[in-house]
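Chain by chain, the residues run as shown.
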Amino acid sequence: MRIILIGPPGAGKGTQCQRLVDLLRVPHLSTGEMLRAEIRARSTEGLQANRFMELGQLVPDTLVLGMVTKRLELADCRAGFLLDGFPRTLPQAASLDDLLERRAMNVDGVLELSVPRDELVRRMLARRRADDNPEVFSNRIAIFEAQTAPLLEYYARQEKLATIDGLGDADDIFGRIKIALGKFARDASR
Ligand code: AMP
């Protein structure tokens, strides 16, 4: 299956991604992770990306697209993949559609992990990461709302969107995700 997981920072994407890759047995393609690996390797891409990431801003589309295109060409993606943190802008989504279409593929479904803003802030205060200071975190939420939320409409129009209530127990949330996967599979076989 080819699945996209979309959610604001702090929605619990990491936890659910782990469960999803275990269930679907597909590679987990997290652009945030790929970028952090580039930074660790001190590559040109990493150095370029770091300036944006430190501020909680999005890295330029061209840099991310180049990375994702290369990754999708690897053999392990043939059986499917789970995209996490990509696409994050409408141009990224349109480029992904083009990229897949050229390979006669499409996305089976898009999972939106939905969590209210006050809960995201509460969770952020309870954990800590370098880009988690309150100002940077608020910036990441604002960017999500401005740049990434429009993708929900984009995929809803393609009848691919499933909105998952991201509140509560991780097992319950995963239960809701499994129901949505069942629907994606039924839609694909129609
Ligand atoms: P994440 O681990 O998905 O929260 O991503 C961490 C940071 O990496 C984000 O705040 C962005 O600066 C950058 N990033 C990750 N994915 C993308 C993307 N698809 N487009 C632009 N920037 C990204």
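For the structure itself, look to the data block above.
In this text, all values refer to a predicted model and were calculated from it rather than measured experimentally.

Criteria and thresholds
- Residues numbered from 1 in each chain as written.
- Predicted model: local features only at pLDDT ≥ 70, side-chain atom pairs only at ≥ 80, totals over all residues.
- Heavy atoms only, no water.
- Near = heavy atom within 4 Å.
- Polar contact = N/O pair within 3.5 Å; in protein donor to acceptor, adjacent residues only side chain to side chain.
- Areas by Shrake-Rupley, 256 points an atom, 1.4 Å probe, with all protein chains shown as cover.
- Helix = DSSP H or I, 4+ residues; strand = E, 2+ residues; numbered from the N terminus.
- Nonpolar A, V, L, I, M, F, W, Y, C, P; charged D, E, K, R; others polar.

### Structural notes on the site of the ligand
Taken together, 15 residues lie around the ligand, and Thr31, Gln57, Gly85, Gln92 and Arg140 are the ones closest in. Contact distances for the ligand include 2.8 Å between a nitrogen atom and a side-chain N or O atom of Thr31. Residue Arg36 places a side-chain N or O atom 3.1 Å away from an oxygen atom belonging to the ligand. Isolated, the ligand exposes 480 Å² of accessible area, and the fraction of that covered by the protein chains is 95%. Sort the elements by how many residues they give to the shell around the ligand and helix H2 (residues 31–40) lands first, with 4 residues. Broken down by class, the residue content of the shell around the ligand amounts to 6 nonpolar, 5 polar and 4 charged.

### As for the environment of Gln57
As for its position among the elements, Gln57 is in the loop between helix H3 (44–54) and helix H4 (61–72). With 36 residues separating them along the chain, Gln57 and Val21 place their C-alpha atoms 27 Å apart.

Geometry only, nothing functional implied.
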